[in-house]
Amino acid sequence: MTPFKLTQKVPETARRNGKLDAGSRVVPEETPIAFSYGGSTHAVMMATPGDFEDFAVGFSLTEGIITNPSEIETIEAAPDDKGIDLQIVLKDEQSDALTARRRHMAGPVGCGLCGIESIEQAVRKTPSVSASPLRLTEEQIVEAVALLNGQQPLHFETRAVHGAGFYVPGKGLIAVREDVGRHNALDKLVGAAARAGYTGASGAVVVTSRVSVEMVQKTAIIGSPFIIAISAPTALAIRTAEEAGMTLIALVRGAEFEIFTHSDRIQSGAIADVA
């Protein structure tokens, strides 16, 4: 697909050492990205204009539109003067299923639930991951976040985007994706990992953002029993992770972190099991 510009250099006036000076700063692009299935728009997200195949696959997976990337026939990014239309063609069975349950939503960067049509949709049933055999050591948790901190080029350039990585014991981070929206970064990561042949149950989701309920839901939908975050969780995210049998770890700072749910999956000073 044609690459789109991810950043812009803009003029600014900065106050430094008690005085104002003219300068410039690199900032991330943000554009409306529509997800269209069979020619009909299903959702519009404000997002960083990149990783379109990953975004299309990941969003389709976490929304339950598909269960495997092979269920998508084609993906095309069609730009216009106002945004980008991701035109996704599903195989017949998935297309028919989507038509039967179609809903519309439009979400700005800070909220992945805006525009849904009922409270029931916001508190949808979260799949259980309690049967997952995956275990991590304390050292692996620290390693996962340290690796993510070093693999965010867009963040280092702009200081204005979120990052999400997928950590597999023994392999490290097999994919990292960035976006102005934390939910978008996670969807892009889900798509990247799935397209590379990794199942959610084989590793842990690692994010730079706060852990909202939808971040937990998306992690559970792909089958990962771990979500590890640099920032803090919400109360609803904690309750949802507890009910789903997911281990939620947050506020990772160097070798220190806080465990909010299902600490039994964490091994001290031992080699962790790989699912």
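The preceding data block contains the structure.
Presented here is an overview of the structure given in this document. (Residues numbered from 1 in each chain as written. Predicted model: local features only at pLDDT ≥ 70, side-chain atom pairs only at ≥ 80, totals over all residues. Heavy atoms only, no water.)

Glancing now at a negative patch on the surface. Residues Glu73, Asp92, Glu93 and Asp96 make up a contiguous surface patch of negative charge. Looking at the negative patch element by element, the count peaks at 3 residues for helix α2 (residues 92–101). As for its position among the elements, Asp92 is in helix α2. (Patch = residues over 30% accessible without salt bridge, like charges linked within 9 Å, V, L, I, M, F, W, Y side chains within 5 Å. Areas by Shrake-Rupley, 256 points an atom, 1.4 Å probe, with all protein chains shown as cover. Salt bridge = Lys/Arg side-chain N within 4 Å of Asp/Glu carboxyl O. Lys, Arg positive; Asp, Glu negative; His and termini not counted. Charge placed at Lys NZ, Arg CZ, Asp CG, Glu CD. Helix = DSSP H or I, 4+ residues; strand = E, 2+ residues; numbered from the N terminus.)

Before going further, it helps to spend a moment on the pairing of strand β3 (residues 31–37). The element β3 is extensively covered by neighbouring structure, given that 6 of its 7 residues are classed as buried. Relative to strand β4 (residues 40–47), β3 is paired through 7 bridges, and the arrangement is antiparallel. Counterpart to Ala34 in the pairing with β4 is Val44. Between β3 and β4, which pair antiparallel in sequence order, lie 2 residues; one of them, Gly38, sits at a positive phi of approximately 60 degrees. Both β3 and strand β6 (residues 84–90) contribute to a ladder of 5 bridges, which runs parallel. Following the sheet pairing, Ala34 is matched in β6 by Asp85. (Buried < 20%, exposed > 50% of the residue type's maximum accessible area, 1.4 Å probe, protein only. Pairing = 2+ DSSP bridges.)

Mapping Thr126 onto the fold places it in the loop between α3 (119–122) and β8 (136–137). Since its relative accessible area comes to 13%, Thr126 is described here as buried. Contacts of Thr126, omitting those with residues within four sequence positions, involve Gln217, Ala220, Thr240 and Ala244. (Contact = heavy atoms within 4.5 Å.)

Mapping Gly83 onto the fold places it in the loop between β5 (72–79) and β6. Sequence-wise, Gly83 and Pro32 are 51 residues apart; in three dimensions their C-alpha atoms are separated by 4.9 Å. In this view, Gly83 contacts Thr31, Pro32 and Ala78; residues no more than four positions away in its chain are not counted.

Once that is clear, we can look at the pattern of salt bridges. Taken as a whole and assessed by the stated rule, the structure comprises 7 salt bridges. In this structure, Asp179 engages Lys188 in a salt bridge whose closest nitrogen and oxygen atoms are separated by 2.6 Å. With a relative accessible area of 0%, Lys188 lands in the buried category. As a salt-bridge pair, Glu214 and Lys218 come within 3.8 Å of each other at their nearest N and O atoms. Highlighted residues: Glu214 and Lys218, both in helix α7 (residues 213–221), separated by 4 residues, approximately one helical turn. Assessed through its relative accessible area of 4%, Glu214 is described here as buried. Put simply, Asp51, Asp54, Arg177 and Arg195 are held in one network by salt bridges that share partners.

The geometry of an aromatic ring pair is captured by two quantities: the separation of the ring centres and the angle between the planes. Enumeration over the complete set of coordinates arrives at 3 aromatic pairs. Ring geometry for Phe4 against Phe52: centres 5.2 Å apart, planes inclined by 90 degrees, an arrangement best described as edge-to-face. Of this pair, Phe4 sits in the segment before β1 (7–16) while Phe52 sits in helix α1 (residues 52–62); the two residues are 48 residues apart in sequence, bridging distant segments of the chain. By relative accessible area, Phe4 is classed as partly exposed at 25%. (Phe/Tyr/Trp six-rings, centres within 6.5 Å; stacked < 30°, edge-to-face > 60°.)

In terms of nonpolar packing, the biggest core is built from 45 residues, with Phe35, Tyr37, Leu86, Leu90 and Val211 touching the most fellow members. Dropping the residues within four chain positions of it, Phe35 is found in contact with Ser40, Thr41, His42, Ala43, Met45, Phe55, Ala56, Phe59, Leu86 and Ile88. Among the nonpolar cores identified, the runner-up in size contains 17 residues, and Val145, Val176, Ala204 and Ile266 belong to it. (Core = buried A, V, L, I, M, F, W, Y, C linked by side-chain atoms within 4.5 Å.)

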